[in-house]
Structures are given as structure tokens and as C-alpha cells.
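Remarks on the overall topology
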Amino acid sequence: MRDILAVLSWWLLIQLIGLAAWPLAFRLLRWLPDRGYTAAKPLGLLLTSYALWLAGSLGLMQNSLGGILFALILVIAASAWALSRDGIAALRDWLGQHRAMVLVYEALFLVAMCGWAAFRATNPGINSTEKPMEFMFLNSILRSPSFPPQDAWLSGFGISYYYFGYVMMALMTRLSGVLPGVAYNVSHGLWFALIAGGAFGAAYQISTRSVKSQISKRAMLPIVVGVAAAILVVFLGNLEGTLELAHQNGIGSPDFWQWLDIKDISGPPTTGGGVQAPRYLWWWRASRVVHDYTLKGDDQEVIDEFPFFSFLNGDLHPHTLAYPFAFLAISLALNIYRGKEQDAQSAGGKTQEAGDKTQDAQSAGGKTHFTFHPSSFRLHPSVPPWPDLLLYAICLGALGFLNTWDFPIYLFVVVAAFALRRWQEAGTLNDKVIADTVVLGAILGMAGFVLYLPFYVSFQSQARGILPNLINGTRFPQFLVMFGPFAVPGALFLLALAALRSQVSAWRFWLGALGWAFALLLAVTLVGLALGILSPDGRMVLTALRTGQMIPGLGVEDVGTAASMRLLDRLLDPWTALLLALTVVVIWKLIRQSVNQSDKKSKEVEPLTNPAVPFILLLFLVGAGLALSVEFVYLADSFGTRMNTVFKFYYQVWALWGVAAACAVGLVLDDAALWAPFRVVTGVVAALLAVAGLVYPIMAITTTGDSTHPTLDGTAWIAQQSPDDYAAIEWLNQNVPDSPVILEAPGQSYHAELSRVSAFTGLPAVLGWDYHEMQWRGTYDEAGRRKADVEKLYTTRDPQETLTLLDKYAISYVYVGPAERAAFPAPSLQKFDALMDVAFQQGNVTIYKRR
């Protein structure tokens, strides 16, 4: 019952937060069919968390329940202002016209949230992978009175990570009063629902404008497309699950599986496996279908995670916490693309058609509308007004704080949508259109950075520049395993558009596109090499390859020869890069042709000529560009490979292509002007690939988790495995206020048994997971010094040395439990009896308090 009440309390809270922000969303997203309804929940959560964080960072208020309520009041005040401009009658009228969409969206949200929370109850333990790290962030924020929050694994330091998503989790935890161990798992359900709702909303917006007479008999089609997008994005898996079934049932020759080269299923297939779980932890392989190799020929890890795997694995990493706000950004982009020149029209002045000579817009009611032209720095009417720009910057800038990689990606999506709109208005991509686009991009980029400046001031990163990716490319079969359910329907959509829109013969269109694709590949290669030369790490790698010098740890004697062979392999297998480059070129040509044909009066009867097509193409274009980029460059980090870059970029490709594919298939199926057999083929292919993608989640759900004793308490495993530790942690949480420093055995990354006290209480330890601290800060210097001091504290028998080190780190409590007793000699631990008071003792756990 406690778990059910926890889920319901969070659902009620997110409903209230969404309602508090909806009038503001109603005005901000006024050019979308849903008027911001499906974006209200993530927008309200983001704005409330931002107000709390910013005020806490500036010392204006504390990170407390009172601070949260005040932040929520600010959001309500902003919504009240928006409501005063639009009127409550407008909201009421809209609800009356869109009741079906609202009911489906809310039902989808409720089912997704409760359903995934119920699944988490079968596997709730915060005891594997990086869950303890995430729980540490949550508890650290709950204990920190201000921002940046303290790092519980490096006392005296603030968290050096993109922690905004954990601020949101802490906000919901404090508002609901739910225990952190339960709140951690309820968060999974909430974010699962936010992502499903976000994908639904983005697809609904796009497809509604692409369906004629959406208020009549076709009113349900955008809703169906929205539900399909939600399933594709958050519940679909890649095709590895289907391949697992085929492999264990003897389908395919040994040569086929060796050619496919997906680790764990690259050997000869077995028989008689049925539909049961193929292997222990078989589901993990779906996040590693891309197979890279070192120059020596050894396996090289590449992560190709997707949302369902993230939730199945149970990690709440920043890339997952940021995902709902990626769909918010897509909605913002669509809003700016769909917006009319409403300000000039409503003001009664002249509508300024792009392509005309620039002139000052007429003013009405004392309001002046601005135009950008070379002689004066003024904004074009297509640019949103300043209140909207501020909200755009807050939402886009939040992505940098949520998952830094996402900020430039979705800033580009929004600015590109604006450029596309201005291009359509002008009828040509002239200097004025480009100038307006650059100005908007500069405003949003700078504002998105400045509005989150307190985060960047204290943020450290392991990133060291961009390196050229010379030896590893994604093989096309593996790329299709990853993105087949989106890429194949998308390709059919592009082929149809190319056939319909091409103004030249087919052979000239495709020959020209292929030539430009090779030119694009050459340009990307040169850019990658140039960026590598500008990076110290890149110069080291390029010099080693040029001279044949040994790269430390590579294990290859003749680097130049090995690299030459690998480069030759890439040249003989160029299909992923070539087809992605061809996709980029074809989409660009189609966008140009869509703009050129936008004024044709015959567009109502021609197939695939509605206003949604260019925006769908834009989503496919950005996704293809991201996937293409990792074929040539990657970010230099502590991993030393393209593993993390593929991971982060492919994750966004999944979002962009998931929404675009759902909308494209819906558009094709709905367009009666299209050739009927093509519509049938598209529908059948899309359905078959979706079913193949559903094999993975269905099998994974049935083979993971334990429903014997379901609970949402992620700390229950400690009570079972180490009741003394559990009792000690409970005592610390109930009896130790504020944030005194605690000493415990230094942790080893990915081991929940170590650094568990700081992770489960939020009390700052001298040192936690040292390797993770190195990743977050880009250096091991501080962690290395502390690790030696912590070991000395536990091993020395010198009282004076012990006291000196206790003073050095301002340690108030020393924890001696099973992990400490196993790691350090008992005689050395006994010194604490003489130097400190016993604050807690049970079984083999003793907590000492400084006198």
C-alpha cells in the first residue's frame, strides 16, 4: 500500500505542476495544435526546478520545501500573467474541442507511469551498475541547503556533473515526502511516462497539421500516430531480440552470423531454444550491437543504448533524465516553424513578407515590431517576442545542464526550424534569411549559457577536444539492427518524395545526389582531420600513425601497417557512411524542392505536399547528420575511444527518427493521392519491423525481475544482505542533520558494497568511487591523494597521525563495518575506541563520533 500511495502521490504532484504551467505553455506554444498541453508537465517541472536551483545558487533562498513552494508560486505567477493575456475562455474552448486527445494523452501517461513503476517493483535494488552513483546524487542534493550540491564522494567539493535531472528528482521527493529509496524507483515510472508523453505530443503536433479536417472524421489519426511514436520511442527495442531468437533456434547459416559479427551471437546458431531467455543477461547485448576493434584486433566496447534498455537496466543517467526535454525542444522547434507573423498581423500593421525589401513594421497600441537589416540590429517579426525567447533559452539551456551533449543538438533543431520557416517565407535562402537565423541562434545560444552560468562556473569535464575516427566505422548490417524500425520506413518515405518531387529524371537526380554524397564524405573527413590536428590528443594519434610510433597500451608493433590495413577495410566497406551521406544530400534536395513548391496552388491534390513534410525531413536530416558524424570524429575523453560519442549521439538519433518515422508512416498511409501499392508496402514493412522491435522488450520483461516480493524500496536489499549496515544507515539518516564529513572505506566503481554509507545517506565521505571522480573532474590528482590518506587513516596505529588526518578532512564520523573490517587489519581499527566516542553499534558495525 505504501508503494501504491507513493506512485499516486507523484502522479498527483506532476498533474498539479503541469496544470500550474499549462497557461504559460498555452501561450508559449500557441502555434501548436495542442497549445502546449502535452508539454506542460515537463515544462512545469523544468521551470520550478530552475527557479529553485537558480535562487539556491545565488543565495536567495534555500534548497528546502519552502524554497520549492516559492519556486512553484513563481511558475504559477507566470502562468497567471499568460492567462491574463489569453483569457480562461480560450483554455476552456480548446479543451472542449480536443477532449479526445487529452483523454488519450492522460491515459497513456498514467498507464506508462504506473506500469513501469510496477515493473521496477520486481527489481528495485539500488545495487548494480551506476545506480549507487545516481542515488548518491539524489541524497546529496536532499542534504545540501544550496547549490552546487555537495559531492558525497569527495567531501568539500561540489558535484561536478550535469545534475539538473537529480534536482528534479529531489524536488519531487521532498514535495511528496516519499523516502529516497522509494522515490528513486518511482522516478523511473515518472520519467518513463514523461518520455512517452513527450513523444506522443511531438508526433501529434506534426501529424495534426498534415491531416486535412482534423476536427472531423480524421481526428483520431494524429492521436494514433502519437501513440505509435510513444511506443516506438520508449517501448521499442532494436532488432537484437529477434536475432537472439533466430540464433537460438537454428535460423541462419554459421557464415551469416559470422558476417553479422554481433558479439555473443557471432558463432554457429543452436537449435531447440524456443522462445525462452536465450542466455544469462542476454538483454545486455542489445546495447552493444555495434562491434569495434582495436588496431591489435581485440574487441573494443561501443555503447548503442536506447530508452527501453536504459529503463530495463534501471539506471537514471543524465541522458535518460534529459530525454523528456528533448521532445519539449522538438515542440519548441515546431512551434517556431509553424508560427505565423502573428504580431504584425494582430497589430494591424503591414505583414512583412520575407523576400521583400526590409521595412519597419507598423506599430499598433504603442507596440513596435522590429526587423533585422544590415544597418540596424533589430529582430524580424518571425523571431518570437522577448518573453518567449527567454522561455526558449531556459528550456534549451536546461539541456546543457541535464546532459551537456544535448544542448547544441536541439539548439540546432530549433534554429534550423526557424531558418526553414524564413526560407519558406522568402522563397529563397538569401543573406537576410541567413542573418536572421544567425541572430536567433546567437541569442538562444548565449542566453542558454548565461542563464545556467552558475553550473558552468563550477563544472569540470574530462572532455579534451575532438579526435578523428580513422579505424572504426559502424558496419551497415549492425546499423540496421540498431535503427531498422526507423531507418527503413524513413527510406521508403524519402524514396517516395524523391520520385514525386524530383524536377529532373531519376537517373540525374540520384547520380547528382551520389556525387554530392562523396563530396560530403570528403569534406567531413577533412574537417575531422583538421579538428584532430587542433587537439593535443589528436596530434599524438596522427603523429603515431604517420611515423609508426608506438601508442602506449596499444600492443601493436607496426602501428602504421595496422592502421593502413584498417583504413583499407573501411574503404572496402563504406556503406554506412555513404548511405548516411546520401541521405543527408537527398533530404537537403527535398527540402529545397519543398520550399520551391510551397506556393503551388495544386498542392492540395498532389501527394505528400502538406506543411508537415519539411519538418519531418528536418528531423530525419539532423538524425542522419548525428549518425554520420561518429563515423569520422569522436570526443576525446577518459575512455579513449568513440564509445561514449556513439552512445550519446545514437540516443538522440533514436528520439528524432522515432518521432519522424511515426509521422512519415502516418502521412503515407493517410494520403489517398499516393499510389495504393506503395502505401500498402510501407504499412506492412513498418508493421513487421515494429513487431520485430517489440520482441526485445516483451522477452526482456518476462525474463528479468522477481515478482515474489515486489517493493519499490531500493534499499531493501541492504536489510537482507547486511542488516547491521542497514540499521546504521537508518540511524545516520534519522539522527545526523546537516552534512558532517564521514570516513568509510574508499569505493570501487560499480560495487554497491563500497561507498554505500555516503551514497545512501548523502553524508559527504572523504572519498567514494575514485575512478568516477576522475571521470567527472578530468584528473585523478585529488582522488589519488585522498585514497592514500583514507587507507592510512584505517591502517595507522599512530594516534597523532590519525588525529592530524581527521583534522585535515574535518571528519566528524568514522564508519567501521563489514567492508572496513575486510579491508583493514583489526588492530589498526581498534585505535578509534581510544580516540573517539561510540555513537552507534550493532553487530559488526560501529560508528565513531569525533569528541
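Residues numbered from 1 in each chain as written. Predicted model: local features only at pLDDT ≥ 70, side-chain atom pairs only at ≥ 80, totals over all residues. Heavy atoms only, no water.

As for the packing of aromatic side chains
Throughout the structure, instances matching the rule amount to 69 aromatic pairs. For the ring pair Tyr 105 and Phe 109, a centre distance of 6.2 Å and an interplane angle of 45° mean the geometry is tilted. Of the two residues, Tyr 105 and Phe 109 are both situated in helix α5 (residues 99–120); the distance of four residues between them amounts to about one turn of the helix. You can call Phe 109 buried: its relative accessible area is 1%. Ring centres of Tyr 105 and Phe 200 lie 6.0 Å apart, and the angle between their planes is 35°; this geometry places the pair in the tilted category. Taken together, the residues span a long stretch of sequence, with Tyr 105 in helix α5 and Phe 200 in helix α8 (residues 180–209) at a distance of 95 residues. In terms of burial, Tyr 105 and Phe 200 fall into one category: buried. Of note, Arg 35 hangs over the ring of Phe 26, and the distance from its end group to the ring centre comes to 3.6 Å. When the ring centre of Phe 647 is taken as reference, the NZ or CZ atom of Lys 648 above it lies at 5.4 Å. (Phe/Tyr/Trp six-rings, centres within 6.5 Å; stacked < 30°, edge-to-face > 60°. Helix = DSSP H or I, 4+ residues; strand = E, 2+ residues; numbered from the N terminus. Buried < 20%, exposed > 50% of the residue type's maximum accessible area, 1.4 Å probe, protein only. Lys NZ or Arg CZ within 6 Å of the ring centre and 35° of its normal.)

Concerning unusual backbone geometry
Negative phi values dominate among residues other than glycine, just as trans dominates among peptide bonds. In this chain, Phe 147 is followed by Pro 148 through a cis amide linkage whose omega measures 0°. Relative to the helices and strands, Pro 148 resides in the loop between α6 (131–143) and α7 (164–176). With phi around 60°, Asp 261 is a residue other than glycine that occupies positive phi space. Mapped onto the elements, Asp 261 comes out in the loop between α11 (254–260) and β1 (292–293). In this structure Asp 261 comes out as buried when scored by relative accessible area, which is 14%. Even without glycine at this site, Ser 755 takes up a positive phi of about 60°. Here Ser 755 shows up in the loop between β5 (741–743) and α30 (756–761).

Let's talk about the pattern of salt bridges
Within the structure shown, the criterion is met by 26 salt bridges. When the shortest N-O distance is used, the salt bridge between Glu 631 and Arg 642 registers 3.7 Å. You can see Glu 631 sitting in the loop between α25 (612–629) and β4 (633–635) and its partner Arg 642 sitting in the loop between β4 and α26 (643–670), a full eleven residues away along the chain. In terms of burial, Glu 631 and Arg 642 fall into one category: buried. The shortest N-O distance in the salt bridge between Arg 756 and Asp 725 comes to 3.5 Å. (Salt bridge = Lys/Arg side-chain N within 4 Å of Asp/Glu carboxyl O.)

A few points about the confidence of the model for the protein
Per-residue pLDDT for the protein averages 87, and the proportion of residues at 70 or more is 89%. For the stretch residues 210–217, pLDDT sits under 50, and the model shows 14 contacts to residues farther than four places along the chain or on other chains. When the criterion is pLDDT under 50, residues 550–557 qualifies, and its contacts beyond four places in sequence or with other chains add up to 13 contacts. (pLDDT = per-residue confidence, 0-100. Contact = heavy atoms within 4.5 Å.)

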